[in-house]
Amino acid sequence: MIEQAKKVQSTKESEINKQESGAILVITLVLVLVVTIAVLALMYLTRNDVLISSNMAVQSAAQEATDQGVTAANAALQMLASDTPPQYPEVVSPGYWYHPLLTNSTRPTPPTANFWSTCTGTACASIPVQYGNFNFNVQYVMYPAGVPATQVPGYEQAQSGGQAVPIIRYYVVYVHTSRASGGGLGVTVQAILREVLIQP
């Protein structure tokens, strides 16, 4: 009888041990599944963070390259102002980076994305810009500001000691920057440039 009781107790213990082993196995599998999902989510988020950081770096570099385009447009405008006699873009450069206003318009409108993709030859100015590891194609086009050029009242002292009349004209420049290799979004900015002509 004692032996039979021992056998029954031993059988119960072995069943309990099997049940505990099964429960531990299920818990372990659930934990492995949870850890796997967490690792996959972390990898996905890390990949997205890298892509976002890369895109932000390109966007920041494109913005810096666009600033160089504004500087180049201003230099071209001021070069005309320093000519003897001073020149206006609308006089010396029709159809080349300068565009007159449409007859039914009082102010310029930004060029469309299609304009920049087909802008070649004399339609706009184009300069290559390298910023860090990125190569950009920077294009710009200039329009009058939309008001008639008027002489600014007042006088400035010229170097010769005589009085000179400053004539100021304003222009709107649109600068577009895109990756030279293609792909990615372009950056387009608008700036107002001033040309000062000193006439004795």
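Residues numbered from 1 in each chain as written. Predicted model: local features only at pLDDT ≥ 70, side-chain atom pairs only at ≥ 80, totals over all residues. Heavy atoms only, no water.

1. Remarks on the side chain of His 176
On the secondary structure map, His 176 appears in strand β5 (residues 163–179). On the basis of relative accessibility, which here comes to 11%, the residue His 176 falls in the buried class. A polar atom in the side chain of His 176 sits 2.6 Å from the side chain of Thr 188. Each residue touching His 176, except ones within four places of it in the same chain, is listed here: Trp 116, Asn 137, Val 138, Gln 139, Gly 186, Val 187 and Thr 188. (Helix = DSSP H or I, 4+ residues; strand = E, 2+ residues; numbered from the N terminus. Buried < 20%, exposed > 50% of the residue type's maximum accessible area, 1.4 Å probe, protein only. Polar contact = N/O pair within 3.5 Å; in protein donor to acceptor, adjacent residues only side chain to side chain. Contact = heavy atoms within 4.5 Å.)

2. Comments concerning the nonpolar core
Ranked by internal contacts, the top residues of the largest apolar core, which has 27 residues, are Trp 97, Tyr 140, Met 142, Val 173, Val 175 and Leu 193. Mapped onto this core, the elements with two or more residues apiece are α1 (2–81), β1 (125–131), β2 (134–144), β5 and β6 (187–199). In terms of residue count, α1 provides more of this core than any other element does, 9 residues in total. Beyond its immediate stretch of four places on either side in the chain, Tyr 140 contacts Gly 69, Ala 72, Ala 73, Ala 76, Trp 97, Trp 116, Cys 124, Ala 125, Val 173, Tyr 174 and Val 175. In terms of nonpolar packing, the next biggest core, distinct from the first, is built from 7 residues, Trp 116, Cys 119, Val 172 and Tyr 174 among them. (Core = buried A, V, L, I, M, F, W, Y, C linked by side-chain atoms within 4.5 Å.)

3. A word on the pairing of β1
Relative to β2, β1 is paired through 7 bridges, and the arrangement is antiparallel. For Ser 126, the partnering residue across the bridge sits in β2 and is Gln 139. Connecting the antiparallel pair β1 and β2 is a turn made up of 2 residues, with Gly 132 showing a positive phi of about 65°. (Pairing = 2+ DSSP bridges.)

4. Things to note about the packing of aromatic side chains
Summed over all chains, the structure comprises 3 aromatic pairs. Judged by centre distance (6.2 Å) and plane angle (45°), the ring pair of Phe 134 and Phe 136 falls under tilted. Judged by its relative accessible area of 21%, Phe 134 falls in the partly exposed class. Taking the relative accessible area as the measure of exposure, Phe 136 reaches 3% and is therefore buried. Relative to Tyr 174, the ring of Tyr 143 has its centre 6.0 Å away and its plane inclined at 75°; by these criteria the two rings are edge-to-face. In this pair, Tyr 143 is assigned in strand β2 and Tyr 174 in strand β5, connecting sequence segments 31 residues apart. Side by side, Tyr 143 and Tyr 174 carry an identical accessibility label, which is buried. (Phe/Tyr/Trp six-rings, centres within 6.5 Å; stacked < 30°, edge-to-face > 60°.)

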